[in-house]
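# Coordinate analysis (summary)
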Amino acid sequence: MNTAAIIVSHGQPSDPDPAEAALANFAAKVAQALPGWHVGSATLAKPGALEAALLEAGPGAHVYPYFMTGGWFTGDALMQRLEGSRAVVLPPFGLDPGLPGLAAALLTDTMAARGWQAPEVRVFLAAHGSGRSKQTARDTQGFAEALAAVLPLAELRVGFVEEPPYLADQAFDLGATAICLPFFAAKGGHVLDDVPEALDLAAFQGVLLDPIGCAPGAAALVARSLARAMVAA
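I will try to describe carefully the structure that is included in this document. The structure displayed is predicted, hence computed values, not measured ones.

Next up on the list: the pairing of strand E6 (residues 155-160). Judged from the six bridges that link them, strand E5 (residues 122-127) and E6 form a sheet pairing that is parallel. When the sheet's bridge partners are listed, Phe124 is paired in E6 with Arg157. In this fold, E5 hands off to helix H5 (residues 135-150), which returns the chain to E6; that crossover is right-handed.

All right, on to the sheet that holds E5 then. Taken together, the four strands give an open sheet; going across it, the order is E6-E5-E7-E8, and neighbouring strands pair in parallel fashion. Lying at the two open borders of the sheet, with one neighbouring strand each, are E6 and strand E8 (207-208). Note: strand E7 (residues 178-182) against E8, two bridges, orientation parallel. When the sheet's bridge partners are listed, Ile179 is paired in E8 with Val207. Strands in contact with helix H4 (residues 99-114) are E5, E7 and E8; relative to E7, the strand with the most contacts, it is inclined by about 145°.

If the charged atoms of two oppositely charged side chains come close together, the side chains can form a pair. In total, this model carries six salt bridges according to the counting rule given. Arg81 is paired through a salt bridge with Glu51; the nearest N and O atoms lie 3.3 Å apart. Highlighted residues: Arg81 in helix H3 (residues 72-82) and Glu51 in helix H2 (residues 49-57), separated in sequence by 30 residues. Residue Arg81 is classed as partly exposed on the basis of its relative accessible area, which comes to 29%. Between Glu155 and Arg122 there is a salt bridge; the shortest N-O distance is 2.9 Å. One end of the pair, Glu155, is in strand E6; the other, Arg122, is in strand E5, and 33 residues separate them in sequence. Take Arg122: its relative accessible area is 31%, and that puts it in the partly exposed class. Sharing partners across several salt bridges, the network here consists of Arg122, Glu155 and Arg157.

The strand order across the open sheet built from four strands is E2-E1-E3-E4, with neighbouring strands paired in parallel fashion. Two strands close off the open sheet at either side, each with one partner strand: strand E2 (38-43) and strand E4 (88-89). Contacting strand E1 (4-9) and E2, H2 runs over the sheet at an angle of about 165° to E2. Packed on one face of the sheet, helix H8 (residues 218-232) meets E1 and strand E3 (62-65) and runs near 145° to E3.

This part takes up the nonpolar core. Core analysis: the biggest nonpolar cluster contains 50 residues, and Ile7, Val30 and Tyr66 have the highest contact counts within it. When contributions to this core are tallied by element, the ones reaching two or more residues are E1, helix H1 (16-32), H4, E5, H5, E6, E7 and H8. Ranked by residue count, the leading element in this core is H8, at eight residues. Residues within four places of Val30 in sequence aside, it is in contact with Ile7, Val39, Ala219, Val222, Ala223 and Leu226. Counting 16 residues, the second largest nonpolar core, distinct from the first, contains Phe124, Ala126, Ala168 and Leu174.

Here is what the cut-offs are and how they apply
- Residues numbered from 1 in each chain as written.
- Predicted model: local features only at pLDDT ≥ 70, side-chain atom pairs only at ≥ 80, totals over all residues.
- Heavy atoms only, no water.
- Pairing = 2+ DSSP bridges.
- Helix = DSSP H or I, 4+ residues; strand = E, 2+ residues; numbered from the N terminus.
- Right-handed = clockwise from strand over helix to strand, strands pointing away.
- Contact = heavy atoms within 4.5 Å.
- Axes fitted to C-alpha atoms, helices over the stretch in contact; angles between N-to-C directions.
- Salt bridge = Lys/Arg side-chain N within 4 Å of Asp/Glu carboxyl O.
- Buried < 20%, exposed > 50% of the residue type's maximum accessible area, 1.4 Å probe, protein only.
- Core = buried A, V, L, I, M, F, W, Y, C linked by side-chain atoms within 4.5 Å.

Rendered as structure tokens:
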């Protein structure tokens, strides 16, 4: 059985190399938790990267979409690129059942560092959304509900870049005891530009975290998902 995996993300079409390098670094961390595995990576935005990764991994490799939701990219674009490869495609990172717990731990640590208690904290989940697939919003809301179930917050709001309710509209009046958690896999243009701009527009006074995909436990979460998939195969 092929113990090879390829972690795939969207990347940055306008400048693909930095995102490609960042994903390779993340894949190396995943590989540390999977002795004996080959763990490659590829962004869809880097020409030829996915094809090269498939060739190196061999037939039947596990493809892990480092995306936050289902939708067009994971349901159509990625599958078209993998046609004929015999790759085994796993659910995306954002749907991992362990992700709400990881986010809760991250938020709890952030609160503890400031002496805050969860029932007094408002969390703003800044997400991508989609103009072409309703699945993106549904998956994001599903994550928000799962997070709220394990962490009793004063309020949990969700806002999107590409569909209503929009980021800036949702970030108003959260107060100083607030945390913004970007529901993104990496520090791309939306995280570096759109999210801070929306928070500035809304006069957000709270704490802005790195995206959940950059959390210290993210690589271990991916490794566990790949290991489970191999056992289930």
